[in-house]
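The lines below spell out each chain.
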Amino acid sequence: MCSPEEEALLRLEEVFSATLARVNSLVLLPLLETTPEPSDPQGRECLRLLQRLHRSSQRLWEVTEESLHSLRERLCHQDTVGLESLLLLQHAERVLQVHVEYIESYTSCVAVQAFQKAAKKRREFWRGQRKALWQLLPGVSSEASVGTALAQALREPLAHHVQQYVLLLLSLGDMAAEPHRTRELVVHAATLFGNLQSFLRQALDQALATQALWHSLSSRLRDVLCTPACRLLQDSQDVPVTVAPLRAERVLLFDDALVLLQGHSVHTFDLKLVWVDPGQDGCTFHLLTPEEELSFCSKAPQDRMVWQWKVTQAVCQALRGKKDFPVLGADLEPSEPPTCRCMAYTFRAEGRLCQATYEGEWCRGRPHGRGTLKWPDGRNHVGNFCQGLEHGFGIRLVPQGPEDRFDCYKCHWREGRMCGYGICEYGTDEVYKGYFQAGLRHGFGVLASAPQAPQPCKYTGHWERGQRSGYGVEEDGARGERYIGMWQADQRHGPGVMVTQAGVCYQGTFQADKMVGPGILLSEDDSLYEGTFTRDLTLVGKGKVTFPNGFTLEGSFSSGAGKGLHTQGVLDTAAFPPDPSSTRKRQLGVGAFPVESHWQGVYGPFRDFVSAGCPGDEQEALLGFHVQNSRELRKSQEYLCCERTQPEPCADRMEGILDELLLHREPRALRECLRKALSNSLHPLGKLLRTLMLTFQATYAGIGANKHLQALAQEEVKQHARELWAAYRGLLQVALQRKGQAPEEDEDTETRDLQVHGLVLPLMLPSFYSELFTLYLLLHETEDSLYSQGIANLSLFPDTKLLEFLDVQKHLWPLKDLTLTTNQRLSLVRDKCFLSATECLQKIITTVDPREKLEVLERTYGEIEATVSRVLGREHKLPMDDLLPLLIYVVSRARIQHLGAEIHLIRDMMDPIHTGGLCDFLLTALESCYEHIQKEDMRLHRFAGRWDSREPW
């Protein structure tokens, strides 16, 4: 048996379906018949609202028919169809949503008096339909207007239907003897439609209040403010409130905006960008907006509470994007709008953001978080913001000229200005990579023109307040010159060295971009001028020229336009040619500016970072970042993007780096830890090393590959090693401090030098080796040429003849090692004696580490002694008189190219701990071999005179 409640529900749905059909034919369809189409905007708007109401009414009728069908199925098949199958229970939310849509469509028509306006257009028609309309509404006074009757006809059936729904569902829930799940469905549906009753009442009240408001405003204000979806929530004429600083005459709170009326002026504030800030006293609270901070003050505390509560709830509703259900502010706990939001806004007030549109994250009325700024003139900024200012990483595009060219700034920002590391690609095709402060280039940076530029130029060095100042290197591709030295106010100023592509070098003092006063000039053939110069680098006044052959010319020099160089002085031809070692001493830059002062713009930021405790949020501003290539950015502003490759947050990564240092403090573990750190570009030590590599290449590669800069480069590499060790020590002290451990004691100079040469220098030297070894090659080119010729001559000897020539005692010859064929003689065998030592020595060129090179030399010595001991049949220690000829033999057979450059690099870079030891002794012996091979030419001729290769041994 079906319950009486179910039967009543069936009758209710049948009546409501029939009523909807009647209302549709008697009211809605006639309302939609407008011939011709309205020409005024208000008429078209009313027609659109009525069409929307008709569609929602149609959906309401359809869902009612579906509900009827499910009820009939239940009544016909009570044994197989359960109560939970009813549409009203199984899909209560869908049924509810259809009702809500109808209510919203209906109240929109009420708010703008759509029914009254439509009825007024067809007075005659509705006069004829008056009787039928009033039969539909028995409870309406016959004196009511047609518009009021139409509104009642479209509202009363729904209100009655919802009320009966609630009553029947509550009764059904009490009487249902179904399983617990069915009872829950009935209670849930009853709750939903109970809430719908409240929602209907509130929606209707708001629509009527909004309708009344439009009548109280002038037509001009009504045209500005009136929209069908707009609902009035509070009016200062009902609950008085004053607003400062605008002193509004009337304050209107709508469901989407706060409006202040001041004479003919209308100030509108989007509620999505309004933050409520409670005041300190009981009668005042504040509203924060992107451009205004408004103070609301009421005489009575309860009035202030009404306004504050309603604004707060309206902001919550606006952010949710839909009307509250069941009613505005009906939650048990008062809703609090989120402090952080994501919205778009166009600034109107004068200032740097005037007419700019910001889209992104906000906090308390200010851009805060990630967002995008776009100005009308084409400027774009995307990145991080803090309290309304660009702060953190960001990319800005600035259009340049009428062409489609932009300056692209990919930088870190602080309080609205560039600060920290940045990459700027200018519309002129110049690129700057370096540090900024207060929006200007400041600290270390590289400014380079495009390679295809008519006058390519590159500056690598220090900047101050946007100008080149301090130590820096400039390469002028057009003139084939490189300047290494001091700068001031964007000009070369102070001690400096000029290297030209032709091999000519200048060293002296520069003022206002010109070299003046005393200086020196070194030509490619090693001629040396010491004297004074003019601003165009011509010789003038007293000076002295020393030629490569030792001749000197001392006197006065002058030059004139088109007349060449004139001199009057004394030419001294009595001197002997200078020793090559004295030529090597002609090194530039070493005494001109201390190596410690070269790259303070690189070291400084790292020292500051460590002194500040290595804050994680500053790590990227120091170390730089990896961003998408900006070619696409320059094509179109739509590609503006600031995604960086950050595998983990900077703060977490910095914490991990410091923890790693604490875990690896033992010598062997420390070596491996430093190796990994220096090879990682995201590690502070790795980034520092890469920056120093960049400066080294900018100074000594290309035009800078000049033999007279070898000493300067060598000292610079050692200084870099000292700075890297100091940076490691600084990071370690920060790590200890974070863990609450006692800091390590300061190192003495001796301990520091041992760590620098024994630990850091071997790890970092490969990064500088190519450029550094090139300078050694150039400096020792003459000696290496003589050595190569000596090696070529010695290679003509077979083993036994070479051992005889070198005066190696015959009892030390390893002849039993030689395996001969029938047609071979001992005098013809080559490259067999001391083969293991020869192969060992050849490994000296397979490493760049001076320590490993010395180890190779030591193993070579061991192989020679082992071979001799085997020949003698007993352990034998070689005296110097026996070692030197044997070592010359091994060196000649090893045929190592550029051995002089190798020897001098080892000597300059080796660990001081080896001084005076076996390695030092062996290196000295190797130097002696190198010198002997250079001087063997005369002995070779004498020996060749008495040597006949046909003579048997």
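Going by the structure above, here's the rest.
This report concerns the structure included in the present document. (Residues numbered from 1 in each chain as written. Predicted model: local features only at pLDDT ≥ 70, side-chain atom pairs only at ≥ 80, totals over all residues. Heavy atoms only, no water.)

**What to know about the sheet that holds strand E2 (residues 242–244)**
Think of a sheet as strands paired side by side through backbone hydrogen bonds, with each pair either parallel or antiparallel. As summarised here, the arrangement of the 4 strands in space is E2-E8-E7-E6, forming an open sheet in which the pairing is antiparallel. Strands with a single pairing partner mark the edges of an open sheet, and in this sheet they are E2 and strand E6 (275–278). On average, adjacent strands in this sheet sit at an angle of 25 degrees to one another, irrespective of strand direction. Relative to strand E8 (residues 293–297), strand E7 (residues 284–288) is paired through 5 bridges, and the arrangement is antiparallel. By the bridge assignment, Leu288 is partnered in E8 with Glu293. Sheet strands in contact with helix H11 (residues 301–320) are E6, E7 and E8, and its direction is about 25 degrees off that of E7. (Pairing = 2+ DSSP bridges. Helix = DSSP H or I, 4+ residues; strand = E, 2+ residues; numbered from the N terminus. Axes fitted to C-alpha atoms, helices over the stretch in contact; angles between N-to-C directions. Contact = heavy atoms within 4.5 Å.)

**Side note on the sheet that holds strand E3 (residues 250–254)**
Read across the sheet, 4 strands follow the order E1-E3-E4-E5 without closing on themselves; strand pairing throughout is antiparallel. Each having just a single partner strand, strand E1 (232–235) and strand E5 (265–270) make up the two edges of the open sheet. Ignoring strand direction, the axes of neighbouring strands in this sheet form an average angle of 20 degrees. As judged from the 3 bridges shared by E1 and E3, these two strands associate in the antiparallel manner. Among the inter-strand pairings, Gln234 is bridged to a residue of E3, identified as Leu253. With respect to the sheet, helix H9 (residues 180–216) is in contact with E1 and E3, its orientation differing from that of E1 by roughly 55 degrees.

**What to know about the packing of aromatic side chains**
Going through the model one piece at a time under the given rule, you end up with 29 aromatic pairs. A centroid spacing of 5.1 Å and a plane angle of 80 degrees characterise the contact between Phe696 and Phe768, whose relative ring orientation is edge-to-face. Taken as a pair, Phe696 in helix H18 (residues 684–700) and Phe768 in helix H20 (residues 749–779) lie far apart in primary sequence, 72 residues in all. An identical accessibility class is assigned to Phe696 and Phe768; each is buried. Taken together, the ring pairs connect Tyr432, Phe436, Tyr459, Trp463, Tyr483, Trp487 and Phe510 into an aromatic cluster. (Phe/Tyr/Trp six-rings, centres within 6.5 Å; stacked < 30°, edge-to-face > 60°. Buried < 20%, exposed > 50% of the residue type's maximum accessible area, 1.4 Å probe, protein only.)

Honestly, that's just the spatial picture; any functional story needs more than this.
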